[in-house]
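Overview (structure and organization)
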Amino acid sequence: MTTIDVRGLTKRYGPDTVVDDLSFTVAPGQVTGFLGPNGAGKSTTMKMIMGLAAPTRGSATIGGRRYRDLPVPLAEVGALLDAGAVHGDRKAYDHLLALAVSNGLPRRRAGEVLARTGLEGVAGKRAGGFSLGMRQRLGIAAALLGDPAVLIFDEPVNGLDPEGIRWIRDFMRSLAREGRAVLVSSHLMSEMAQTADHLVVIGRGRLIADIGMSEFLRAGGEGTVLVRTPEPGAFARRLTSAGATVRGGPESSLVVSGLTSGEIGKLAAYHGVELSELTPQRPSLEDAFMELTKDSVEYQGASA
Amino acid sequence: MSSPKVTFGRLLLAEWIKLRGLRSTWYTLACLFAVGLGITFLTMSSAGADYASATAAERQEWDPTGLSLTTYIVAQLIIGVAGILVVTSEYATGLMRTTLAATPRRHLLLAAKVVVAAAVAVVAGQALMFASFFLGQALLAGQGVPYARPGGEGVLSAVAGGGLYLAAIALLSIGLGTIMRATAGALATLVGIVFLVPAVAGIFPSWLQGLVTFWPTRGAAAVLATVPDPAYPHPWLNLGGMCLGVAAVLAAAFVVFRRRDV
């Protein structure tokens, strides 16, 4: 079982600290979402893990070794850093064959990964004519060449159509089910909700949260219940006296927190109030993210 | 194939697969021969008339071998573009990250690129110089003016020297491409080195004139002549000096390539 260990990783470009004392672990068998707004330092962190950028301080290791000390890099780590990272004049098969040969992998691997990513039909085509989705698949094919235990994807769904997004999402899930450690970055919270088991959230290069997905959602607070009734004013007073917090929602609906939908239903039945809608609402990942980052920022401010 | 491992031999093979799979590689080589031999054809077609109107002293200096190789002036730019693209095309497409992820030992990777490109450049350079020589001599013979034979004094040395000169320019270009990381910058620098500096060298201060002795298109190209130029009595030393300069550029390229973030 191979893990990625990031310890005290720091990167400065001149006066700018892009990654600031970052530590986290990417465990095997699950998808770890690497979340943060644009410019948070996600790509730089991934480049440092891959040995493409040198850390100012700290270390990133894969199975206890630095990337450049891996004897067969492609057999340990597969990475999709940039969808366009293929020469447009080169055939898909040649691109993969050269990579396989450089690491001493069997030549047949090029054909096998083309089949797994559904590209066998365009193996002899030059990559310049590929759509973004096909390039993305070719990049993933390259990442799978050495059957690695660790996979790193930088913004893999950027610019893809819904079908491509679903394909990549399912693919990452299946890679994790096979026991691999999958690290995938995104700036879209909603994307992560359907993909990741674990979240590493950073902002301005600093760690904000290193947390399981379910815990992350709970951190966003309890859900609310949307209630519609012909007599909102009267029912709101009854809800408040029952201990709920009520605020006005769209189209004179009520947004209730502090009571479950079941309790609200009982209350309405007891008082004979007619309800036209009673909908529990889960907190969105965005809400959870805002809640969490707000706390972290306050915490950091207090400790500084 | 035995157990997976990154070895220099495998990197050479991988770089060869990458180079041969690009149409641009073959277009550039086709262009090298079309333009190179085309210039030889044009210059040699009028050489007979030049000889006829030459004075006795000028006929003493008549160098049919050197004349047939003057195409190197343009050929060095084309072979230089090929060398530059070996590195800069990977930066332009972002492929360099994929390549370095597969081969994190960067010095081995760059060495493999240099060796593969040098091998192609030596073969292409020698082939062009020999083809140009034979084409040129055939055209001279057809005009009834003195021409050279492969066994003639200094002929083989001049033709082979021309091929090596072109290979050295290709290596210089790889170094420039690695340092600049962009095709336009590297190409501008190469043009500056092989065309502009020689053109303005006359106005340089005297302490810089020594450098001209080893400069491309100047002293280093003296090896392509069979009639000795009194300014360069030992032309192979001049070419050797240029090769030292190329080695220095390549050494700098290795240093920055290992250090820089990609």
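Just above, that's the structure.
So, a few notes on the structure that sits alongside this text. (Residues numbered from 1 in each chain as written. Chains lettered and ligands numbered in written order. Predicted model: local features only at pLDDT ≥ 70, side-chain atom pairs only at ≥ 80, totals over all residues. Heavy atoms only, no water.)

Bringing the interface of chain B and chain A into the picture now. Chain B puts 34 residues into the contact, and the matching count from chain A is 34 residues. Buried surface at the junction of chain B and chain A, summed over both partners, amounts to about 2800 Å²; 60% is from carbon and sulfur atoms. Summed over the three residues of chain B that lose the most area to chain A, namely Ile17, Arg97 and Asp261 of chain B, the buried surface amounts to 19% of that side. Put simply, Asp89 of chain A and Arg23 of chain B hold a salt bridge, and the shortest N to O gap is 2.8 Å. Summed over the shared surface of chain B and chain A, the result is 12 residue pairs in polar contact (both at pLDDT 80 or more). Of all the elements in the fold, those that place two or more residues in the side of chain B that touches chain A are helix H1 (8–20), helix H2 (23–45), helix H6 (72–93) and helix H7 (95–102) of chain B. Considering every element that reaches the side of chain B that touches chain A, the biggest residue donor is H1 of chain B, with eight residues. Tallied by class, the residues present in the side of chain B that touches chain A amount to 15 nonpolar, nine polar and 10 charged. (Contact = heavy atoms within 4.5 Å. Buried area = accessible area lost by both parts, 1.4 Å probe. Salt bridge = Lys/Arg side-chain N within 4 Å of Asp/Glu carboxyl O. Polar contact = N/O pair within 3.5 Å; in protein donor to acceptor, adjacent residues only side chain to side chain. Helix = DSSP H or I, 4+ residues; strand = E, 2+ residues; numbered from the N terminus. Nonpolar A, V, L, I, M, F, W, Y, C, P; charged D, E, K, R; others polar.)

Residues and elements named next belong to chain A. The element strand E8 (residues 181–186) is extensively covered by neighbouring structure, given that six of its six residues are classed as buried. Residue alternation in E8 divides its side chains into two sets, Ala181, Leu183 and Ser185 and Val182, Val184 and Ser186, and both sets are buried. As paired strands, strand E3 (residues 31–35) and E8 are joined by five bridges and run parallel to one another. By the bridge assignment, Leu35 is partnered in E8 with Ser186. Where strand E7 (residues 150–154) meets E8, five bridges bridge the pair, whose relative direction is parallel. Following the sheet pairing, Ile152 is matched in E8 by Leu183. For the handedness criterion, the β-α-β arrangement of E7, helix H6 (residues 162–177) and E8 is classed as right-handed. (Buried < 20%, exposed > 50% of the residue type's maximum accessible area, 1.4 Å probe, protein only. Pairing = 2+ DSSP bridges. Right-handed = clockwise from strand over helix to strand, strands pointing away.)

Another point: the environment of Val6 of chain B. Turning to its location among the elements, Val6 of chain B is positioned in the segment before H1. Each C-alpha atom, one on Val6 of chain B and one on Ala102 of chain B, is 8.9 Å from the other, the two residues being 96 residues apart in sequence. Setting aside anything within four residues of it in sequence, one finds Val6 of chain B in contact with Pro71, Pro73, Ser102 and Asn103 of chain A together with Leu11, Ala102, Thr103 and Arg105 of chain B.

Once that is clear, we can look at the packing of helix H3 (residues 92–102) of chain A against H1 of chain B. In the contact formed by H3 of chain A and H1 of chain B, the axes pass within 8 Å of each other and the chain directions differ by 170°. Considered as vectors, H3 of chain A and H1 of chain B are oriented roughly antiparallel to each other. In contact with Asp94, Leu97, Ala98, Val101 and Ser102 of chain A of H3 of chain A, H1 of chain B contributes Arg10, Leu11, Leu13, Ala14, Ile17, Lys18 and Arg20 of chain B. Split into classes, the residues belonging to the contact of H3 of chain A with H1 of chain B amount to seven nonpolar, one polar and four charged. (Axes fitted to C-alpha atoms, helices over the stretch in contact; angles between N-to-C directions. Parallel < 35°, antiparallel > 145°, perpendicular 65-115°, else oblique.)

Moving on, we get to the packing of helix H9 (residues 155–180) of chain B against helix H10 (residues 183–200) of chain B. Residue and element names in this part refer to chain B. Close contact between H9 and H10 brings their axes to 8 Å; oriented N to C, the two are set at 140°. It follows that H9 is oblique to H10 by the angle criterion. When you trace H9 past H10, the crossing you get is right-handed. Residue-level contacts link Ile169, Leu172, Ser173, Leu176, Gly177 and Met180 of H9 to Gly185, Ala186, Thr189, Leu190, Ile193 and Val194 of H10. Considering only residue class, the contact of H9 with H10 consists of eight nonpolar, four polar and no charged. (Left-handed = near helix turned anticlockwise from the far one by under 90°.)

What follows covers the sheet that holds strand E1 (residues 4–13) of chain A. Residues and elements named next belong to chain A. Pairing within the open sheet is antiparallel, and its four strands lie in the order E2-E1-E4-E5. Taken across any chain shown, the strands that pair with only one partner, and hence form the sheet edges, are strand E2 (16–26) and strand E5 (65–66). Bridge count for strand E4 (residues 57–62) against E5 is two bridges, and the pairing is antiparallel. Residue pairing across strands places Thr61 opposite Arg66, the latter belonging to E5. Sheet strands in contact with helix H1 (residues 42–49) are E1, E2 and E4, and its direction is about 115° off that of E1.

The next thing to look at is the pattern of salt bridges. All names here are of chain A. One pass over the structure, following the stated rule, counts 21 salt bridges over all chains. With its nearest N and O atoms 3.0 Å apart, the salt bridge here joins Arg66 to Asp69. Given the relative accessible area of 40%, Arg66 is considered partly exposed. A relative accessible area of 39% means that Asp69 is categorised as partly exposed. In this structure, the salt-bridge partner of Glu251 is Arg228, at a minimum N-O distance of 3.7 Å. One end of the pair, Glu251, is in the loop between strand E12 (245–248) and strand E13 (254–257); the other, Arg228, is in strand E11 (residues 224–228), with 23 residues separating them in the sequence. Since its relative accessible area comes to 21%, Arg228 is described here as partly exposed. In the salt-bridge network here, residues are joined through shared partners; they are Arg116, Asp147, Glu178 and Arg180.

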